[in-house]
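The lines below spell out each chain.
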Amino acid sequence: MMFIQTSADLSPFEIIEKLSTIIIAACTLVLSFYIYYYQLKKDNKNLKLDWYKVIIIESKFEDFFNFFEGLNLTLIPMKNNPNLSVNDKERINTAMVNSLIELRLDFITLLLSVDDMLYQCVLTQFDELVDGITTKLSNEDLNLNDPEIYDEEISKHISQYRTQLLKIFVEFRGDNDSYKRLIKRVKDYFNW
Amino acid sequence: MKESVFKLEKYRATGSKVFTGRDKGKYVREKSKFDQIEEDSEKVIFVIPDNLFSINPSFFEELLINVVLKLGKKGFFEKFEFRNAGVYKYEKPLMDAVDRILRENHAL
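A brief structural summary. Quantities reported herein were computed from a predicted structural model and do not represent experimental measurements.

## Some words on the overall build of chain B
Stage number 1. Helix and strand counts for chain B stand at four helices and five strands.
Stage number 2. Helices (α) and strands (β) of chain B occur, in sequence order from the N terminus, as β-β-α-α-β-β-α-β-α.
Stage number 3. In terms of overall dimensions, chain B is globule-like: its C-alpha atoms have a radius of gyration of 13 Å, near the 13 Å expected for 108 residues.
Stage number 4. For the C-alpha atoms alone, the extent of chain B along its principal axes is close to 35 × 30 × 25 Å.
Stage number 5. Within chain B, the proportion of its 108 residues that are buried is 32%.
Stage number 6. When contacts within chain B are restricted to residue pairs at least 6 apart in sequence, those whose partners lie at least 24 apart make up 89%.

Structure representation (structure tokens):
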């Protein structure tokens, strides 16, 4: 009992000192938990990025470039060819849509193993690329065999989406916050 | 058995020969009350229009998302019968859309 000091024995300064010690200890504990949680999150993100690099970038990214090369080869017959019929354009469109289906199965779906939002963002961009070309192909008033019109309507469209898609892959950092910023930038870029 | 007929032709934009894009798919789903048609019917006849240039997977995906998630692939194709009023080969984009829906929602 002689070791226990009652408040009646403590001066105001000693009370403040003891309260401060308790508060500092509590803050230290909270900070420790925060650092632990933050480090865990960072380690998970790094692991996710490592897997992204292995699964997507190092193993399968060639599919991305092959798709665009194939797309240009599929569409280029329209340029400088005024004799293309509607049926020819339908065949070209079907070939293009089928290429996207194959790309989704071989490449885009892999992104689901890394990040759902990355997958959605990339798939949406590819859909808009292909849907845009489908709409232009079906427009009988659009003279796509004119090289200037073809370059403006098709080549430029493909180039914009390819660049934007590359940006998505380059800027992926493994977390959704940077993603939301990226999606906003994509929307600003296309004026949506 | 209550059977409904869904005619996609009704939702064609004037002069258009394509059905593309998630926005359009969502618009048709909501405008037609597509999910309700499925809910109220034991069988749905889905008529693919004539004079079509393209129906892209993005359109099908958004139009069918709720019914496919509800019924699963087998149930969906048992309940929905597709009839083609024209010659457009809709099967591949349709199958791709169903696959997308189920894979994205980890049902596959």
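## A few points about the overall build of chain A
Stage number 1. For chain A, the count of helices and strands is five helices and zero strands.
Stage number 2. Taken from N to C terminus, the helices and strands of chain A fall in the order α-α-α-α-α.
Stage number 3. The buried share among the 192 residues of chain A stands at 19%.
Stage number 4. Excluding contacts between residues fewer than 6 apart, the proportion of contacts in chain A whose partners are at least 24 apart in sequence is 69%.

## Some points on the interface of chain B and chain A
Stage number 1. The interface of chain B with chain A comprises 13 residues on the first partner and 13 residues on the second.
Stage number 2. Only helix H3 (57-79) and helix H4 (91-104) of chain B provide two or more residues apiece to the side of chain B that touches chain A.
Stage number 3. Considering every element that reaches the side of chain B that touches chain A, the biggest residue donor is H4(B), with four residues.
Stage number 4. Of the residues that constitute the side of chain B that touches chain A, the class distribution is four nonpolar, five polar and four charged.

## Considering the sheet that holds strand E5 (residues 80-84) of chain B
All names here are of chain B.
Stage number 1. A sheet is described by the order of its strands in space; here three strands give the open sequence E1-E3-E5, paired in parallel fashion. The open sheet has two edge strands with one neighbour each: strand E1 (3-7) and E5. If you compare each strand with its neighbour and ignore which way they point, the axes differ by 20° on average.
Stage number 2. As defined by bridge partners, strand E3 (residues 43-48) adjoins E5 across five bridges and the pair is classed as parallel. Directly across from valine 47, in E5, lies its bridge partner arginine 83.

## Notes on the packing of H3(B) against H4(B)
Residue and element names in this part refer to chain B.
Stage number 1. For the pair H3 and H4, interaxial distance at closest approach is 7 Å and the crossing angle is 70°. Judged by the angle between their axes, H3 and H4 are roughly perpendicular. In this structure, the crossing between H3 and H4 has a hand that is right-handed. Touching Pro57, Phe60, Glu61, Leu64, Ile65, Val68, Leu69, Lys73 and Phe76 of H3 are Pro93, Leu94, Asp96, Ala97, Val98, Arg100, Ile101 and Leu102, all from H4.

## Focus on the pairing of E3(B)
All names here are of chain B.
Stage number 1. Alternating positions in E3 separate cleanly, Val44, Phe46 and Ile48 being buried on one face and Lys43, Ile45 and Val47 remaining unburied on the opposite face.
Stage number 2. Across five bridges, the pairing between E1 and E3 is parallel. What sits directly across from serine 4, in E3, is valine 44.

Procedures and definitions
Residues numbered from 1 in each chain as written. Chains lettered and ligands numbered in written order. Predicted model: local features only at pLDDT ≥ 70, side-chain atom pairs only at ≥ 80, totals over all residues. Helix = DSSP H or I, 4+ residues; strand = E, 2+ residues; numbered from the N terminus. Rg over C-alpha atoms; globule rule 2.2 N^0.38 Å. Buried ≥ 20, exposed ≤ 12 C-beta atoms within 10 Å, placed from the backbone. Contact = placed C-beta atoms within 7 Å. Nonpolar A, V, L, I, M, F, W, Y, C, P; charged D, E, K, R; others polar. Pairing = 2+ DSSP bridges. Axes fitted to C-alpha atoms, helices over the stretch in contact; angles between N-to-C directions. Parallel < 35°, antiparallel > 145°, perpendicular 65-115°, else oblique. Left-handed = near helix turned anticlockwise from the far one by under 90°.

Nothing here speaks to function; it is geometry throughout.
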